[in-house]
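A closer look at the structure
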Amino acid sequence: MYSQHIDSTPKEFPAKVYYSAKRALTSHASGGNALIAATVLALIVANIPGINTLYADFWDQEIRLQVGTFNIFSHGGHPMSMLQFINDALMAIFFFTIGLEIKREVLVGELSSFKQALLPIVAAIGGMVVPVGLFWIMASGTDYTDGAAIPMATDIAFSLGILAMLGSRVPISLKIFLTTLAVVDDIGGIIVIAAFYSTHIEPWFIVGGVCMLGLLFLGSVLSIQSKIFYIIVGIIVWYLFLNSGIHPTIAGVLVAFCVPSRPVFAPEKYIKQIRKAIAHFNADDDESLSRRSILDKDQMDWLKEIESASDKVISPLQDLEDSLHPVVSYLIVPLFAFANAGICFWGMSAGAFFSGISLAIIIGLVVGKFLGIFAFSWVTVKTGLAPMPARSDWKMIASIAMLAGIGFTVSLFIANLSFGGGSETGNTLLNNAKLGIVIGSLIAGAGGFLLLHHFLPTTAQDTGE
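Cut-offs used in this document
Residues numbered from 1 in each chain as written. Predicted model: local features only at pLDDT ≥ 70, side-chain atom pairs only at ≥ 80, totals over all residues. Heavy atoms only, no water. Helix = DSSP H or I, 4+ residues; strand = E, 2+ residues; numbered from the N terminus. Buried < 20%, exposed > 50% of the residue type's maximum accessible area, 1.4 Å probe, protein only. Contact = heavy atoms within 4.5 Å. Phe/Tyr/Trp six-rings, centres within 6.5 Å; stacked < 30°, edge-to-face > 60°. pLDDT = per-residue confidence, 0-100. Axes fitted to C-alpha atoms, helices over the stretch in contact; angles between N-to-C directions. Left-handed = near helix turned anticlockwise from the far one by under 90°. Expected span 1.5 Å × (residues − 1). Salt bridge = Lys/Arg side-chain N within 4 Å of Asp/Glu carboxyl O. Pairing = 2+ DSSP bridges. Core = buried A, V, L, I, M, F, W, Y, C linked by side-chain atoms within 4.5 Å. Patch = residues over 30% accessible without salt bridge, like charges linked within 9 Å, V, L, I, M, F, W, Y side chains within 5 Å. Areas by Shrake-Rupley, 256 points an atom, 1.4 Å probe, with all protein chains shown as cover.

**Topic: the overall build of the chain**
For the chain, the count of helices and strands is 18 helices and 5 strands. For the chain, the residues scored as buried account for 52% of the 465 residues in total. Of the contacts formed within the chain by residues at least 6 apart in sequence, a portion of 81% connects residues at least 24 apart.

**Remarks on unusual backbone geometry**
A positive phi is found at Ser 223, a non-glycine position, where the angle reads about 60°. Tracing the backbone through its elements, the reader meets Ser 223 in the loop between α8 (203-221) and α9 (227-242). Residue classification places Ser 223 among the partly exposed residues on the basis of a relative accessible area of 47%. Not every positive phi belongs to a glycine, and Phe 408 is a case in point at roughly 30°. Its location among the elements puts Phe 408 in helix α17 (residues 408-419). Judged by its relative accessible area of 3%, Phe 408 is buried.

**Points about the packing of aromatic side chains**
Enumeration over the complete set of coordinates arrives at 15 aromatic pairs. Plain terms: the ring middles of Phe 70 and Tyr 239 are 5.3 Å apart, the flat faces sit at 65° to each other, and that makes the pair edge-to-face. Placement of the pair is Phe 70 in strand β3 (residues 70-71) and Tyr 239 in helix α9, with a sequence separation of 169 residues. When the centroid spacing of 4.9 Å and the interplanar angle of 75° are considered together, the rings of Phe 73 and Phe 85 count as edge-to-face. Of this pair, Phe 73 sits in the loop between β3 and β4 (74-75) while Phe 85 sits in helix α4 (residues 82-108); the two residues are 12 residues apart in sequence, bridging distant segments of the chain. Here the two residues Phe 73 and Phe 85 agree in accessibility, since each one is buried. An aromatic cluster is built from Tyr 55, Phe 58, Trp 59 and Phe 338, whose rings are joined through pairwise contacts.

**Quick look at the side chain of Ser 315**
Mapped onto the fold, Ser 315 is located in the loop between α13 (297-313) and α14 (316-340). If near-sequence neighbours (up to four positions away) are discounted, Ser 315 is found in contact with Pro 260, Ser 261, Arg 262 and Pro 263.

**Here we look at the confidence of the model for the chain**
Residue-level pLDDT values for the chain average 83, and 86% of them are 70 or greater. Low confidence marks residues 15-19, where pLDDT is under 50. Its contacts with residues over four positions away, or in another chain, come to 20 contacts.

**Quick word on the packing of α4 against α14**
It is at 9 Å that the axes of α4 and α14 come closest, and there the two elements cross at 145°. Seen along the crossing, α4 lies across α14 with a hand that is left-handed.

**Observations concerning α17**
In a regular helix each residue adds 1.5 Å, so 12 residues correspond to 16 Å; α17 covers 16 Å between its end C-alpha atoms and thus fits that length. For α17, a buried count of 11 out of 12 residues is recorded, marking the element as mostly surrounded by other parts of the structure. Taken residue by residue, α17 has Phe 408, Thr 409, Val 410, Ser 411, Leu 412, Phe 413, Ile 414, Ala 415, Asn 416, Ser 418 and Phe 419 as its buried positions.

**Things to note about the pattern of salt bridges**
This structure, assessed with the given rule, holds 5 salt bridges. Among the ionic pairs, Glu 321 bridges to Arg 104, the shortest N-O distance being 2.8 Å. Taken together, the residues span a long stretch of sequence, with Glu 321 in helix α14 and Arg 104 in helix α4 at a distance of 217 residues. Accessibility assignment for this pair places Glu 321 and Arg 104 in one class, buried. Linking Lys 227 and Asp 319 is a salt bridge whose minimum nitrogen-to-oxygen distance equals 2.9 Å. Taken as a pair, Lys 227 in helix α9 and Asp 319 in helix α14 lie far apart in primary sequence, 92 residues in all. One connected set of salt bridges, linked through shared partners, spans Arg 104, Glu 105 and Glu 321.

**Examining the environment of Ala 352**
In this fold, Ala 352 is placed in the loop between α14 and α15 (356-382). Separated by 79 residues in the primary sequence, Ala 352 and Asn 431 have C-alpha atoms spaced 9.9 Å apart.

**Some points on the sheet that holds strand β1 (residues 62-63)**
Taken together, 3 strands build an open sheet; the order of strands is β1-β5-β4 and the sheet is antiparallel. Strands at the two margins of the open sheet, each flanked by one partner only, are β1 and β4. The sheet contact formed by β1 and strand β5 (residues 78-81) spans 2 bridges and is antiparallel. Among the inter-strand pairings, Ile 63 is bridged to a residue of β5, identified as Met 80. Sheet contacts for α4: β1 and β5; angle to β5, the most-contacted strand, approximately 80°.

**With respect to the nonpolar core**
Note that soluble globular proteins tend to have their nonpolar side chains buried in a common cluster. Core analysis: the biggest nonpolar cluster contains 124 residues, and Phe 94, Phe 95, Trp 238 and Phe 408 have the highest contact counts within it. No other element matches the 13 residues that α4 contributes to this core. For Phe 95, the residues in contact, after removing those within four places along its chain, are Ile 190, Ile 193, Thr 249, Gly 252, Val 253 and Phe 413.

**Observations concerning a nonpolar patch on the surface**
Taken together, Leu 215, Phe 217, Leu 218, Val 221, Leu 222 and Ile 224 make up a surface patch of nonpolar side chains, about 550 Å² in accessible area. On the secondary structure map, Leu 215 appears in helix α8.

**Thoughts on helix α5 (residues 114-139)**
Spanning 26 residues, α5 covers 36 Å between terminal C-alpha atoms, matching the ideal 38 Å at 1.5 Å per step. Of the residues trailing α5, Gly 141 is marked for its positive phi of about 85°.

**A word on the pairing of β5**
Looking at chain direction, β4 and β5 are connected through 2 bridges and run antiparallel. For His 75, the partnering residue across the bridge sits in β5 and is His 78. Connecting β4 to the antiparallel partner β5 that follows it, the hairpin turn spans 2 residues, and Gly 76 within it adopts a positive phi of roughly 65°.

**A short note on the environment of Leu 160**
With respect to the helices, strands and loops of the structure, Leu 160 is situated in helix α6 (residues 156-165). Counting along the chain gives 128 residues from Leu 160 to Gly 32, while the straight-line C-alpha distance between them is 8.1 Å.

Written as structure tokens, this is what we have:
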């Protein structure tokens, strides 16, 4: 299958970059539908009288995984609520997969080449700086300046899902551009969460977490391939970070960086071993093999050799990323959206839709993202620092810049960190912030799709799909 990707690779892209981009596109785009469905369902349930009360109360239920008096799902000695469990525990797995993806991109993807990565990196920086700046200007003197980072994110699943709807009309260069931009956006979001959303620091928990990370790093250096080792120690790191004051999702990213990317077997050794095992079957003729309803002991041993070799030729990083993707895309992220996107419109004034924090977020996502990505890209290309993506023009770049305004998942996450304290004022700001995120993402998504549909060539551009 891998050779098929290489054979169809456009000449202007290295095979590893093309493969990485297509892999990211298919993996993230497929989860977009589940995310949309969960969001719509949350909006419906949150506005049905009677049911909306049950919906709100459910997320306040305490959750425990307890042995004696020790509860792993506790923060500061208090049990986590269901909502905290989703946002602080399950989303740590989400950020763990982001960390795995970032490491893979640096090693074999678009971020492995500075020249190829420069344009989307600069564009992503513009797409973070300008929205934050616009939000600060609009929020100056208000009580919602803490939410300035909300419009800086790009939702990779939503944006790539919309791009996938346009099929092979989209040049592979634009897919690589958007994928890399979204990954760099994730890096920016991680830095912001680590720097600005850590409170009540407990030094001894931090020391313990750093020691456990050191153990993971040592395991990587010593080529320990056991995924169970990294998972168990990773859970310990998460718990220590949870109680240290550093947001626990950062633990997910740091643990991911420690997971080895090198397999036990080199591909050449793997091929030799499976050829040797398969050769045993050649002694039986086709008729004998077709008559068998059960394998004998020797055949079982030969197949186990192949299975063992197959496990050893796939690195723990790739194996974990592939294994966790369905869980994250079809369970964790939709569950997060269902728990956090429920906006109750009852009692909300009409002005709240396009005023205050809602308006600041909408402007940040729709206008700020567009201006930041397009302007920074234009300067980078015009100054000769990086070339334009192949088979693209400025109209297509502008369309991608609009599409990148879909903030959603990470924007909702940052909104909860900013205003999720539980006070009445905080709850109002959080509800209005969610409203701005949904409206802004909807405008950016629809606008980006319509622009791409209009400006993309009518014939297929990505011959590899």
